[in-house]
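# Working through the structure, step by step
If you want the building blocks of each chain, they are given just below.
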Number of protein chains: 2
Amino acid sequence: MIANKMVGLVNNNSAIRMMFEEGKRLAAEFGAENVYDFSLGNPNVPAPAGLNTAIKEILDEEASTFVHGYMSNAGYEDVRETIAASLNKRFETSFTKDNIIMTVGAAGGLNVILKTLINPGDEVVAFAPYFLEYRSYINNYDGVLVEISPDTETFMPNLAEFEEKITPMTKAVIINNPNNPTGVVYSEEIIKKLAKIMDDKQKEFGTEIYLISDEPYRELAYDGVEVPYLTKYYDNTVVGYSFSKSLSLPGERIGYLVIPTEMPDYKNVFAAASIANRILGFVNAPSLIQRAVAKVIDEQTDIAYYNRNRELLYGSLKEYGFECIKPEGAFYLFVKSPVADEKEFCNKAKSYNILMVPGSSFACPGYVRIAYCVAYETIERSLPSFKKLAEEFGL
Amino acid sequence: MIANKMVGLVNNNSAIRMMFEEGKRLAAEFGAENVYDFSLGNPNVPAPAGLNTAIKEILDEEASTFVHGYMSNAGYEDVRETIAASLNKRFETSFTKDNIIMTVGAAGGLNVILKTLINPGDEVVAFAPYFLEYRSYINNYDGVLVEISPDTETFMPNLAEFEEKITPMTKAVIINNPNNPTGVVYSEEIIKKLAKIMDDKQKEFGTEIYLISDEPYRELAYDGVEVPYLTKYYDNTVVGYSFSKSLSLPGERIGYLVIPTEMPDYKNVFAAASIANRILGFVNAPSLIQRAVAKVIDEQTDIAYYNRNRELLYGSLKEYGFECIKPEGAFYLFVKSPVADEKEFCNKAKSYNILMVPGSSFACPGYVRIAYCVAYETIERSLPSFKKLAEEFGL
């Protein structure tokens, strides 16, 4: 008697989440140290020490009814001001608290902005490979996901196909930079081209087309690569940020939306997003953790840790004969499956207690995602199994 | 360019929330001590001291990647087990973790269960007066709210009208006990009658009709009154709980759903609700606060404080000539407006710096809601103004 929309989802639950549950089962059976669970983007690096200190200070110094109480649906004013100032310092923007809405993580933020913008039948463009939950988020508001096929040479957005697929029904475009699952970072040059296409199409159709930038991996970029800040290139940009990866807080559900004043319909979009935050049942982002992230806004996760993981796993897999783009950001490798059906490859890997996620969970079959946000020792211990796996597939 | 569904909401934002913002404005102008803000159910009683201690202990004793990390979408297993055990002890139920889904407050929980159950066009019954956000929650899934008119003598559910308005399209019934905004508590006798009507209608129509019990005020009952636990009376019950009022944590967004095994379609409903929690963008209830509430599961807020407020405000308003049912639960008075248009009354009250919410925000015009979860001193200071207000309306 569940809703029709839910039936398919129950029968075909998220492969990523099923792997996570499977990992817990295998760990119980074989011991956690003998399971190589690369399924979930659940950071193994602890939150910066300052975070827990900040929480304790807040509890000691601020009134319980304030710290644990309701605030404006958009979040505490001082927290939003702190975030705006931090962004301005880093990206030469000029945001104030009136550009920031605190959200229940990036997933909450994406739902808030889609609820704000999407009418049934509106089209939302995403570039494959993409995080498959986008489909569910868009479907929540009866939008239609329009998929741009992957460029498996570079995993950069296929801009020629993008230009063709924008229609008068296109209401939004989602990009995810640095990218999950490929780890590539879209350069300023690509962003400028993408913005130009969108600007031209807005004029051609007389519509507003929103660029939604999903940025949980913004702080995870290696080798000094720059991740462009999109509001500077396109006025109808909404940034969805999360502290899940940057401060290793995925369970806390804390992030924010940036809605720039330059957006032509800024006032309505900001007001509607604040209300959407409430009526979708979030009400507001969790209060104590809002205050805590503001206190450690300039702290960062241990990128060097992920970088060491990246170098070891990427180098080893290449050495064993696997094909893979070297990621410049995030904490994923997107590896070409040695057989066309990557689920077969995943199943074989599971027999070595290696858990990874099939590329079909990112609209890109023939590849697998390996999340290397695990302990370095896990990667070390997994290497002999990866080697045998490569041999088994004749690499 | 915002979505059509959002346009009306932006133009006619929640009166409760607008009062909250207005209260902050008045406090800045006149000083907080000269504003009597009875608009929002934002508890003035601090969280039990054990809560902050629990948070600090968790931060000291548990691994950062565990406390702040992802867990199953339904929540930490041990937290859910603790809650099940506490319910079993109190209500002679036999829940396990497999009956509990941790949610982003009760508002999150209601959205999760409505997403789980509602197809477009399905009817959801609510008894006026009710929390007006129900309309938005039901509208999120294109359900239709069917309103039962208020019994302004007793503010108990009008069961005769209820029986008439159940149709083959009725998918769910929401009750809120103890009730916001009236403070009445539905007795076991009433619950049994309501359950009997629903059972009979399920048989008559061959449908499943879910009883959704919204229970943020469960722990707030005065004079030893009992609040029945609904899963014992009706198998298709889902309980939505929140720690917002019971532990004074409204900003933290923490609650849970109870989905009993006795429910005929239990397995699908539980699975779908776990997925709905994820795809609506909650992903999971905030992690640290999940663990904290489990550690203080048997602590309670200071009911005596609210009771003292209740006695003072109720007694004084009656003395000044206002009409009002004496509430047995929650922390609201639902007072009859001395003029038919209660908004006129609210506006006049505002000229005395008294903020209250019009009954039309609860589908019950002609009344006003006064939230007495404020400082006792605020009530004391407000009384001369209430007295003048009564005189001004010739009471």
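Just so it is clear, the model here is predicted, and its values are computed rather than measured. (Residues numbered from 1 in each chain as written. Chains lettered and ligands numbered in written order. Predicted model: local features only at pLDDT ≥ 70, side-chain atom pairs only at ≥ 80, totals over all residues.)

### Side note on the overall build of chain A
Regarding its fold elements, chain A presents 14 helices and 12 strands. Compactness check: chain A gives a C-alpha radius of gyration of 21 Å against a globular reference of 21 Å for 395 residues, within 12% of the reference. Counting only C-alpha atoms, chain A reaches 60 × 55 × 50 Å along its principal axes. Looking at chain A as a whole, 54% of its 395 residues qualify as buried. If you take every contact in chain A between residues at least 6 apart in sequence, the share linking residues at least 24 apart comes to 74%. (Helix = DSSP H or I, 4+ residues; strand = E, 2+ residues; numbered from the N terminus. Rg over C-alpha atoms; globule rule 2.2 N^0.38 Å. Buried ≥ 20, exposed ≤ 12 C-beta atoms within 10 Å, placed from the backbone. Contact = placed C-beta atoms within 7 Å.)

### Points about the sheet that holds strand E6 (residues 210–215) of chain A
Strands belonging to one sheet form pairs held by backbone hydrogen bonds; the direction of such a pair is parallel or antiparallel. All names here are of chain A. Reading across the sheet, the seven strands line up as E2-E8-E7-E6-E5-E3-E4 and stay open at both edges, with mixed pairing between neighbours. Both outer strands of the open sheet, strand E2 (100–103) and strand E4 (144–148), are each paired with one neighbouring strand and no more. Across the sheet, the mean angle from the axis of one strand to that of its neighbour is 20 degrees, orientation sign disregarded. The pairing of strand E5 (residues 170–176) with E6 spans five bridges and is parallel. Across the sheet, residue Asn 176 finds its bridge partner in E6, namely Asp 214. (Pairing = 2+ DSSP bridges. Axes fitted to C-alpha atoms, helices over the stretch in contact; angles between N-to-C directions.)

### Overview of the interface of chain B and chain A
Each partner contributes to the interface: chain B provides 67 residues, whereas chain A provides 66 residues. Broken down by secondary-structure element, the contributors of at least two residues to the side of chain B that touches chain A are helix H1 (4–11), helix H2 (15–30), helix H3 (49–61), helix H4 (64–67), helix H6 (105–117), helix H7 (133–140), helix H10 (266–279) and helix H11 (287–295) of chain B. If one sorts the elements of the side of chain B that touches chain A by residue count, H6 of chain B sits on top with eight residues. Among the residues making up the side of chain B that touches chain A, the classes are represented as 34 nonpolar, 24 polar and nine charged. (Nonpolar A, V, L, I, M, F, W, Y, C, P; charged D, E, K, R; others polar.)

### Points about the relation of the copies chain B and chain A
The two copies are related by a screw operation: chain B maps onto chain A through 180 degrees of rotation and 0.0 Å of translation along the axis, at an RMSD of 0.0 Å. Such a turn and shift between the copies fits a two-fold axis. Every residue of chain B has its C-alpha some distance from the rotation axis, and the shortest such distance is that of Lys 56 of chain B, at 3.2 Å. The fraction of interface residues of chain B whose copies in chain A are also interface residues reaches 99%, indicating that both copies meet through the same surface. (Least-squares fit on C-alpha atoms with pLDDT ≥ 70 in both.)

### Digging into the domain arrangement of chain A
All names here are of chain A. Annotation of chain A at the domain level lists domain 1 (4–48 + 302–392) and domain 2 (49–295). Once you take the C-alpha centre of each, domain 1 and domain 2 turn out to be 26 Å apart. Between domain 1 and domain 2, the residue contacts involve 27 residues of the former and 33 residues of the latter. Secondary-structure elements contributing two or more residues to the side of domain 1 that touches domain 2 are helix H12 (303–320) and strand E9 (332–336). The dominant element in the side of domain 1 that touches domain 2, judged by the number of residues it contributes, is H12, at four residues. In terms of residue class, the side of domain 1 that touches domain 2 is built from 17 nonpolar, six polar and four charged. (Domains from an automatic or database assignment.)

### Remarks on unusual backbone geometry
Along the chain, Ala 128 of chain A connects to Pro 129 of chain A via a cis peptide bond; the corresponding omega equals -5 degrees. Looking at the element boundaries, Pro 129 of chain A is found in the loop between strand E3 (123–127) and helix H7 (133–140). Here the phi dihedral of Phe 155 of chain A falls at roughly 60 degrees; this positive angle occurs in a residue that is not glycine. By the secondary structure assignment, Phe 155 of chain A is in the loop between E4 and helix H8 (159–165). Its 22 C-beta neighbours within 10 Å are what place Phe 155 of chain A among the buried residues. In this model, Ser 248 of chain B sits at a positive phi of 55 degrees, which is unusual for a non-glycine residue.

### Some points on H2 of chain B
Residues and elements named next belong to chain B. Helix length check: H2, at 16 residues, gives a terminal C-alpha distance of 21 Å against a target of 22 Å (1.5 Å per residue), a fit within 8%. If you check which residues of H2 are buried, you get Ile 16, Arg 17, Met 19, Phe 20 and Gly 23. Looking down the long axis of H2, one finds its buried residues gathered within 155 degrees of arc, a one-sided arrangement. Opposite the buried face of H2, by more than 90 degrees, sit the exposed residues Arg 25, Ala 28 and Glu 29. Considering only its buried residues, H2 is in contact with strand E1 (36–37), strand E10 (354–355) and strand E11 (357–358). Downstream of H2 by a residue or two, Gly 31 has a phi angle that is positive, lying close to 90 degrees. (Expected span 1.5 Å × (residues − 1). Arc of directions from axis to C-beta.)

### A short note on the sheet that holds strand E6 (residues 210–215) of chain B
All names here are of chain B. The sheet built from seven strands is open, its strands ordered E2-E8-E7-E6-E5-E3-E4 with mixed pairing. Two strands in the sheet have a free side with no partner beyond their single neighbour: strand E2 (100–103) and strand E4 (144–148). Neighbour-to-neighbour, the strand axes of this sheet turn through a mean angle of 20 degrees, independent of strand direction. Pairing between strand E3 (residues 123–127) and strand E5 (residues 170–176): four bridges, direction parallel. Among the inter-strand pairings, Val 125 is bridged to a residue of E5, identified as Val 173. Lying over the sheet, H7 contacts E3, E4 and E5, oriented at roughly 150 degrees with respect to E4.

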